[in-house]
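Tertiary structure, described
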Amino acid sequence: MARELLTIFQAMTVLHEEFNKKALEKQEAVKTGNMAGLDQIIKDESMLVSKLRKLEYTREQTVKMWMQERGIVSEDVTMEHLLQFFPEEDRKTLQYWQRRLITEINKLKEQNEFNQQLIEESLRFVNMSLDSFHPQKEYGNYNHPGAKSTDKDDYEAGGRSLFDSKV
C-alpha cells in the first residue's frame, strides 16, 4: 500500500507542477492578449484535470481497499491517520511527497489568485474602453413624463443595453 500511495503522490505532484507551468503560461497569455494561446492552455488544463481526477479516484479506492482488508472503519481518513500504520521509512517517504504535493498545490492557488486579479483588471480596462466608445446619454434614464421611449431608442441614443453592461 505504501508503494501505491507513493506512486500516486508522485504522479499528483508532477501533475500539479504541470498545472503551475500552465498557470504561468496563462499569466503571459493574459498580459499579451494572446487569446488563441489562452484557449490552448485551457484545453491543456482540462486534460490535466481529467488525469488528476483519475489519480484521486485511484487514491481513494486504494485507501478504501487497504482499510477494508484491515477491518478499519472510518469515513474521513487523513494521511496523518494512515501514516501511523506504516513502517518509519515508508512514513518518512510518504510525508516528504505529501509536503511536496501541498507545496505545489499552494503555489498553484497563489498563481491562480494572481491570474484572476489580472483578468479582472483586463476586464475593467476593456469595459472602460467600451465606455469611451459609447458616450452616455446626458440625463441617463430620465424621460419627460409625456414622452414615449423604448429600449431600442435608449440603445441607439448611445447607451449600452443591460446585457452589454453586465457582461
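Residues numbered from 1 in each chain as written. Predicted model: local features only at pLDDT ≥ 70, side-chain atom pairs only at ≥ 80, totals over all residues. Heavy atoms only, no water.

Some points on the pattern of salt bridges
This model, assessed by the stated rule, comprises 13 salt bridges. Across the pair Glu88 and Lys92 runs a salt bridge whose closest N-O atoms are separated by 3.9 Å. Taken together, the residues span about one helical turn, with Glu88 and Lys92 both in helix H4 (residues 88-133) at a distance of four residues. The network of salt bridges with shared partners includes Lys22, Glu25 and Asp44. (Salt bridge = Lys/Arg side-chain N within 4 Å of Asp/Glu carboxyl O. Helix = DSSP H or I, 4+ residues; strand = E, 2+ residues; numbered from the N terminus.)

Overview of the side chain of Thr13
Position of Thr13 relative to the elements: it lies in helix H1 (residues 2-32). The buried category is assigned to Thr13, whose relative accessible area is 1%. Other than its neighbours up to four places away in sequence, Thr13 contacts Trp97, Arg100, Leu101 and Glu104. (Buried < 20%, exposed > 50% of the residue type's maximum accessible area, 1.4 Å probe, protein only. Contact = heavy atoms within 4.5 Å.)

Observations concerning the packing of aromatic side chains
Applying the stated criterion to the full structure yields three aromatic pairs. Between Trp66 and Phe85, the ring centres sit 5.6 Å apart and the planes meet at 65°, which makes this aromatic pair edge-to-face. Of this pair, Trp66 sits in helix H2 (residues 35-69) while Phe85 sits in the loop between helix H3 (79-83) and H4, placing them 19 residues apart in sequence. Relative to Trp97, the ring of Tyr96 lies with its centre 5.5 Å away and its plane at 85°, an arrangement referred to as edge-to-face. Aromatic rings pair up to connect Trp66, Phe85 and Phe86 into one cluster. (Phe/Tyr/Trp six-rings, centres within 6.5 Å; stacked < 30°, edge-to-face > 60°.)

Comments concerning the packing of H1 against H4
Taken N-terminus to C-terminus, the directions of H1 and H4 make an angle of 20°; their axes are 9 Å apart at the nearest point. Here H1 is positioned roughly parallel relative to H4, judged by the angle of their axes. Here H1 runs over H4; the crossing is left-handed. Residue composition of the contact of H1 with H4, grouped by class: 17 nonpolar, 11 polar and eight charged. (Axes fitted to C-alpha atoms, helices over the stretch in contact; angles between N-to-C directions. Parallel < 35°, antiparallel > 145°, perpendicular 65-115°, else oblique. Left-handed = near helix turned anticlockwise from the far one by under 90°. Nonpolar A, V, L, I, M, F, W, Y, C, P; charged D, E, K, R; others polar.)

Some remarks on the confidence of the model for the protein chain
Confidence in the prediction for the protein chain averages 83 pLDDT; 80% of positions are at 70 or higher. The secondary structure element of the protein chain with the lowest average pLDDT is helix H6 (residues 162-166), at 48, and the one with the highest is H1, at 94. Of the regions scoring below 50 in pLDDT, residues 161-167 engages in three contacts with residues more than four places distant in sequence or in other chains. (pLDDT = per-residue confidence, 0-100.)

A short note on the nonpolar core
Membership of the largest hydrophobic core comes to 24 residues, with the highest contact counts inside it found for Leu5, Leu82, Phe86 and Leu94. Looking at this core, the elements that each hand over two or more residues are H1, H2, H3 and H4. Per-element accounting of this core gives the leading share, nine residues, to H1. Setting aside chain neighbours within four positions, we find Phe86 in contact with Met1, Ala2, Leu5, Trp66, Arg91 and Leu94. Counting five residues, the second largest nonpolar core, distinct from the first, contains Ala29, Val30, Leu38 and Ile41. (Core = buried A, V, L, I, M, F, W, Y, C linked by side-chain atoms within 4.5 Å.)

A look at the environment of Arg100
For Arg100, the position within the fold is in helix H4. Distance from Arg100 to Met12, taken between C-alpha atoms, is 9.9 Å for residues 88 residues apart in sequence. Beyond its immediate stretch of four places on either side in the chain, Arg100 contacts Thr13 and Glu17. A distance of 2.7 Å separates the side chain of Arg100 from the side chain of Glu17, its partner in a polar contact. (Polar contact = N/O pair within 3.5 Å; in protein donor to acceptor, adjacent residues only side chain to side chain.)

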